[in-house]
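Summary of structural features
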Amino acid sequence: MPAKYRVAVIGHTGRGNWGHGLDTFWRMMPECEVAAVADADPAGLAKAADRLHTKKAYADWRKMLDEVKPHVISICPRHPDQHAEMAIGAAQRGIHVFLEKPFCQNLEQADQIVAAFEKNNVKLALAHQTRYSPRVQAVRDLIMDDKLGTILELRGRGKEDHRGGGEDLWVLGSHVLNLMNVFGGEAHSCFGRVLQNGHRVTAADVAPGNDGLGPLAGDAVHAMYAMDDGVTGYFSSVKNMTGKPWRFGLQIFGSKGVVEIVTGYLPEVSFLPDSSWSPGRTASKWLPVTSAGVNKPETYEDGGHEAGNVAAVRDLLSAIEEDRQPECSMYEGRHTIEMIAGVFESHRQNAPVKLPLENRKNPLTML
């Protein structure tokens, strides 16, 4: 392994920008050095080079990869319309990748990314920061210690702001669906419904989505998933129906109680030790969960997105050195896209669909 990992950063000002701190967190990692940055926008490139303290600045990310030959890159734009091309370009050059979510635009692209990384034996980690939270491990410990009993249901919701529905499913729901995978295993089928102004979405409702998401529709989405071990997962998002505080996050319902987890590196986590799930009848109290356990003082500082990114990339570097998959790998990224596409494919067929889907195209283009 190198004494220091040589890092390059790709952003695109005005077209996804720099994600959730996927550029600046490298300064917190003494085992890495930022060697170069790329941005097709000249003004954005100049600011990024100054921010990252590098003199090597490129308008073309391909030229940067060829000349700098980094060990690892950050693909920062939040818009996924360039993710597949950038990730595959890195894999073909033998470069490992830390990638902003959503993973990509569709299952065809997801398959192409996975194939390229398998062929070139390189690693990809996805920036779902909550996955790397020490509080997620605390929830796993609660489950392993049988404090929740048998897991029966998973219930997730998006932010349900002005993006509610299909856009929320993609942009913020991807976090929730990924957490479902952590606590419920893989989804094997999906039954979904997509609405626009109260009616079933048709081809006339499909339009280019915001943030480079591709064809999109729906101001309300509802989905049910059959998951491992008999667990049923639910996800819904309805435009302009956000709570105060929001309902964005995941609830895990077990035979002995409930856990609620929102998102972030140190997300709010609460445990309800109540087998009825009804504190109004039992007077049970929600208890805070920290990385140390239930009702215990927190031992970590909340460093926001940067701390989550550092944790994710430290795991990526370990995965490279140990020749294993990262905690949040390309396979989980693809499965999240599978769960999203499954909602629209089920809607198209008006029936439950098996996952993985046979149809790898965007179902909304086939209505």
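Residues numbered from 1 in each chain as written. Predicted model: local features only at pLDDT ≥ 70, side-chain atom pairs only at ≥ 80, totals over all residues. Heavy atoms only, no water.

1. As for the overall build of the protein chain
Along the protein chain, the regular secondary structure elements total 10 helices and 19 strands. What you see for the protein chain is a C-alpha radius of gyration of 21 Å, in line with the 21 Å of a compact globule of 367 residues. Counting over 367 residues, the protein chain shows a buried share of 57%. For the protein chain, long-range pairs separated by at least 24 residues make up 71% of all intrachain contacts whose partners lie at least 6 apart in sequence. Looking at the protein chain as shown, the accessible area adds up to about 15,500 Å², and 49% of this sits on carbon and sulfur atoms. Looking at the protein chain, you have 40 positive and 45 negative side-chain charges, and the mean spots of the two groups are 2 Å apart. (Helix = DSSP H or I, 4+ residues; strand = E, 2+ residues; numbered from the N terminus. Rg over C-alpha atoms; globule rule 2.2 N^0.38 Å. Buried < 20%, exposed > 50% of the residue type's maximum accessible area, 1.4 Å probe, protein only. Contact = heavy atoms within 4.5 Å. Areas by Shrake-Rupley, 256 points an atom, 1.4 Å probe, with all protein chains shown as cover. Lys, Arg positive; Asp, Glu negative; His and termini not counted. Charge placed at Lys NZ, Arg CZ, Asp CG, Glu CD.)

2. Some details on the packing of helix H4 (residues 107-120) against helix H10 (residues 330-349)
One way to put it is that H4 packs onto H10 with a least axis distance of 10 Å and a crossing angle of 170 degrees. Overall, the two elements H4 and H10 adopt an arrangement that is roughly antiparallel. Of the residues in H10, those in contact with Leu 107, Ala 110, Asp 111, Val 114, Phe 117 and Glu 118 of H4 are Met 330, Tyr 331, Arg 334, Ile 337, Glu 338 and Ala 341. Residues belonging to the contact of H4 with H10 are distributed by class as follows: eight nonpolar, no polar and four charged. (Axes fitted to C-alpha atoms, helices over the stretch in contact; angles between N-to-C directions. Parallel < 35°, antiparallel > 145°, perpendicular 65-115°, else oblique. Nonpolar A, V, L, I, M, F, W, Y, C, P; charged D, E, K, R; others polar.)

3. Observations regarding the sheet that holds strand E3 (residues 57-58)
Strand order in this open sheet of six strands is E3-E2-E1-E4-E5-E6, and the pairing throughout is parallel. What marks the edges here is a single partner per strand, and that holds for E3 and strand E6 (124-126). Bridge count for strand E1 (residues 5-10) against strand E4 (residues 72-75) is four bridges, and the pairing is parallel. Paired with Val 7 across the strands is Val 72, a residue of E4. Each of E1, strand E2 (32-38), E3 and E4 is contacted by helix H2 (residues 61-68), which is oriented at about 140 degrees to E2, the strand it contacts most. (Pairing = 2+ DSSP bridges.)

4. Details of the UniProt feature "domain: Gfo/Idh/MocA-like oxidoreductase N-terminal" (unreviewed entry) in the protein chain
Residues annotated by UniProt as "domain: Gfo/Idh/MocA-like oxidoreductase N-terminal" (unreviewed entry) correspond here to residues 6-127. The straight-line gap between the two end C-alpha atoms of residues 6-127 is 19 Å; of that span, 34% is helix and 20% is strand. (UniProt positions renumbered as here; feature names shortened; annotations may be inferred.)

5. Some remarks on helix H9 (residues 304-322)
With 19 residues, H9 extends 27 Å from end C-alpha to end C-alpha; this agrees with the ideal 27 Å at 1.5 Å per step. All of the buried residues along H9 are Ala 307, Gly 308, Asn 309, Val 310, Ala 312, Val 313, Asp 315, Leu 316, Leu 317, Ala 319 and Ile 320. Contact partners of the buried residues in H9: E1, E2, E4, strand E5 (96-99) and E6. Where H9 terminates, the next one or two residues include Asp 323, which has phi positive at roughly 55 degrees. (Expected span 1.5 Å × (residues − 1).)

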